[in-house]
Number of protein chains: 2
Amino acid sequence: MKNAIGIISMQYRRPFGVEHFDQFARWKAAGYDFVELLVPDPGEMDLPLLRRALDDAGLFAVITARVNRERSLTADDGAVRQKGYDYLLYCLDVAKTLGVAIIGGPLYGSPLVFAGLAPHPVSEDLRQRRIDWCVSSLTSLGDEAAKAGLRLAIEPLNRYETDFVNTVRQGVELVAMVDRPSVGLTLDTFHMNMEEDDLCEAIGFAGRHLMHFQANENHRGYLGTGHVHWTSVVRALGAAGYDGTITLEPFRRRDDRIGVPFAQWRQPLHDEQAEYTASCTMIRALIDLNGSRK
Amino acid sequence: MKNAIGIISMQYRRPFGVEHFDQFARWKAAGYDFVELLVPDPGEMDLPLLRRALDDAGLFAVITARVNRERSLTADDGAVRQKGYDYLLYCLDVAKTLGVAIIGGPLYGSPLVFAGLAPHPVSEDLRQRRIDWCVSSLTSLGDEAAKAGLRLAIEPLNRYETDFVNTVRQGVELVAMVDRPSVGLTLDTFHMNMEEDDLCEAIGFAGRHLMHFQANENHRGYLGTGHVHWTSVVRALGAAGYDGTITLEPFRRRDDRIGVPFAQWRQPLHDEQAEYTASCTMIRALIDLNGSRK
């Protein structure tokens, strides 16, 4: 198994701009192979410059689509659904410009807590229509992706972040309905820790649909500071034959003062180079050790 | 260790009304010692009738305060804070009427996702004032509780449900500032699974402040259907000398169709008596087995 290990750019700064490109060399020095980037909105970033900066640092990239209430494949409003579709087409263009192979994220839309929405009942009729809208759009987008040699890796999120796809089982069901080799899954252990019966069973269930993986602690701290059993997770990935990309997203800060909002994005409080290095080293060592068991 | 095992009423119906009192006998038959009830709002429930129904079934009760945006000890608006304080005084009255010893819940207020609020930055000044407001109110309420022989058991919630107290460490810090023997903590493994480095370490850290416990799977399904390591949790409770109440809150339904909102309250889809019984039997057996190790 030759998994590439990456880190998400917004771990460091959000928005991540040209002024933060010197971080690329530091991540490379910490052992990372790639960076996962939020898809910049039009005009937000000089894409050729970004590509050159990544090349210069010896890193490649994976990109994550940012859906919201104004662009969502599963919105009640047809105009919002169209914007969701157009946005994902735009993401494919960004991928081509950056030379990126994988577009991840909750591509289906329907955000909750970060969109300021409380969980609410969904009628059976609406639920079915949402599925139809989503499958239809993702099928067409999958065909567009295939033409460009790109892959769409749909990510289930926990119950507070979306009401559409929360589990690996739901993700596999959606991907099976879309039924395009260019459309598969991103799995993130942070969300899985909340929603799955068993992380390793779920990885096995995803099997060949797994296109991208995000290795995160239960509390989103650095790997090894929480209770996810990484040896078991790495073995499950190996057993599933997964040799793809693995991104780390350690957003949690060691700042647990009362009343500090944990779900609010916060930038690092100190130079985290030592933690970047240790987390990358740890997961890579476990992958190597799992390989040595063959 | 002689822990009483209970189940939360809204597992079955929400709102839980007089018409659902026949459920008490079924829970007693499934092995439960008590029911945890959401504090009924004024006029919502005939409290003496409720008390009699519980007595008739051979159950006691724990109650949970329901804070919201209109009644919160940590709200920016002083009138809302006053309503939060008055509401908790009312909860003490309800406890007296019902003959209940423990009032649990996120007594500090500041709800997020279920109040339709996205996580947002909190200024350092406001953060400090919230702490002052909260400590001052809880100290006074703790004195009121002590006069009536009642205990306030403050529950940390996960990052999506509040931005005020998410971890056991924060909870212990808050309780230490309040510094009243009548004010302690409720710990819930569902929230802990998301926020703690280690569930057992956190239980040990809470130590003598632990007044009430909620044993929930990572996904809120029935105990034994998720990945919480119950043997370790029970041992940690035993090591902390905890002989108090343990409530089960299995809200998750085995209905994982795409687009079904998991965080939205849903009533059982079938008669769950077998699952009520198995979960209660399992946790009680582990407690007994842990006791047999002495």
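Just so it is clear, the model here is predicted, and its values are computed rather than measured.

We now examine the pattern of salt bridges. Counted according to the given criterion, the structure contains 42 salt bridges over all chains. Notably, a salt bridge pairs Arg-129 of chain A with Asp-125 of chain A, separated by 3.1 Å at the nearest N-O pair. With Arg-129 of chain A and Asp-125 of chain A both in helix H4 (residues 124-147) and four residues apart, the pair spans about one turn of that helix. For Asp-125 of chain A, a relative accessible area of 49% translates into the label partly exposed. Asp-76 of chain B is the salt-bridge partner of Arg-130 of chain B, the closest N and O atoms lying 3.7 Å from each other. Of this pair, Arg-130 of chain B sits in helix H4 (residues 124-147) while Asp-76 of chain B sits in the loop between strand S3 (60-64) and helix H3 (78-98); the two residues are 54 residues apart in sequence, bridging distant segments of the chain. Judged by relative accessible area, which is 52%, Asp-76 of chain B ranks as exposed.

The next thing to look at is the side chain of Thr-186 of chain B. All names here are of chain B. Mapped onto the secondary structure, Thr-186 falls in strand S6 (residues 183-188). You can call Thr-186 buried: its relative accessible area is 1%. From its side chain, Thr-186 meets the backbone oxygen of Ala-153 in a polar contact 3.0 Å long. Setting aside anything within four residues of it in sequence, one finds Thr-186 in contact with Gly-104, Ala-153, Ile-154, Glu-155, Pro-156, His-212 and Gln-214.

This part takes up the sheet that holds strand S7 (residues 210-214) of chain B. Residue and element names in this part refer to chain B. The strand order around the closed barrel built from eight strands is S1-S2-S3-S4-S5-S6-S7-S8, with neighbouring strands paired in parallel fashion. Taken pair by pair, the neighbouring strands of this sheet meet at an average axis angle of 30 degrees, ignoring direction. Pairing geometry for S7 and strand S8 (residues 245-248), over three bridges, is parallel. By the bridge assignment for S8, His-212 is matched with Thr-245. On the sheet, helix H7 (residues 199-206) packs against S6 and S7 and is oriented at approximately 170 degrees with respect to S6.

This next bit is on the relation of the copies chain A and chain B. For the match of chain A to chain B, the screw axis carries a shift of 0.0 Å, the RMSD comes to 0.0 Å, and the turn is 180 degrees. What the superposition gives is, in effect, a two-fold axis relating one chain to the other. When you check the interface residues of chain A against chain B, 100% turn up at the interface there too, and the contact is symmetric in its surfaces.

Here Arg-129 of chain A falls in the partly exposed class, since its relative accessible area comes to 38%. Considered as a pair, Arg-129 of chain A and Arg-180 of chain A are 51 residues apart in the sequence and their alpha carbons are 20 Å apart.

Our next topic: the confidence of the model for chain A. Confidence in the prediction for chain A averages 97 pLDDT; 100% of positions are at 70 or higher. As a predicted assembly, this complex carries a pTM of 0.98 together with an ipTM value of 0.97.

Now for helix H3 (residues 78-98) of chain A. Residue and element names in this part refer to chain A. Here H3 contains 21 residues, and its C-alpha end-to-end distance of 30 Å stays within 8% of the 30 Å for a straight helix at 1.5 Å per residue. Every buried residue of H3 is accounted for by Val-80, Arg-81, Gly-84, Tyr-85, Tyr-87, Leu-88, Cys-91, Leu-92, Val-94, Ala-95 and Leu-98. Buried positions along H3 lie against helix H2 (47-57), strand S3 (60-64), strand S4 (102-105), H4 and strand S5 (151-154). Put simply, Asp-77 is the residue that caps the front of H3, since its side-chain oxygen is 2.8 Å from the backbone nitrogen of Ala-79. Gly-99 sits one or two positions beyond H3 and adopts a positive phi of about 70 degrees.

Conventions used here
- Going along each chain's sequence as written, the residues are numbered from 1 onward.
- Numbering of ligands from 1 and lettering of chains from A proceed in the order in which they are written.
- Only residues with pLDDT of at least 70 get local features here, since the model is predicted, and only at 80 or more are side-chain atom pairs given and counted; chain-wide, interface and lining totals rely on the full set of residues.
- Note: side-chain values were computed over all heavy atoms of the structure, leaving out hydrogens and water.
- We count a salt bridge whenever a side-chain nitrogen from Lys or Arg sits within 4 Å of a carboxyl oxygen from Asp or Glu.
- Numbering of helices and strands runs from the N terminus; a helix is a DSSP stretch of H or I covering at least four residues, while a strand is a stretch of E covering at least two.
- We call a residue buried when its accessible area falls under 20% of the maximum for its residue type, exposed when it is over 50%, and partly exposed in between, using a 1.4 Å probe and counting protein chains only.
- Here a polar contact is recorded for every N or O atom pair within 3.5 Å, except that within protein the pair must consist of a potential hydrogen donor and a potential acceptor, and residues adjacent in sequence are included only if both atoms are side-chain atoms.
- Throughout, a contact is declared for two residues whenever any of their heavy atoms are within 4.5 Å.
- Here a strand pair is declared whenever DSSP counts at least two bridges between the two strands.
- Every angle, taken between N-to-C directions, lies between 0 and 180 degrees, and every axis is a line fitted to C-alpha atoms, over only the stretch in contact when it is a helix.
- Least-squares fitting of one copy onto the other uses the C-alpha atoms of those residues that reach a pLDDT of at least 70 in both copies.
- pLDDT runs from 0 to 100 and stands for how confident the predictor is about each residue.
- Here, expected helix span is obtained from the residue count minus one, scaled by 1.5 Å.

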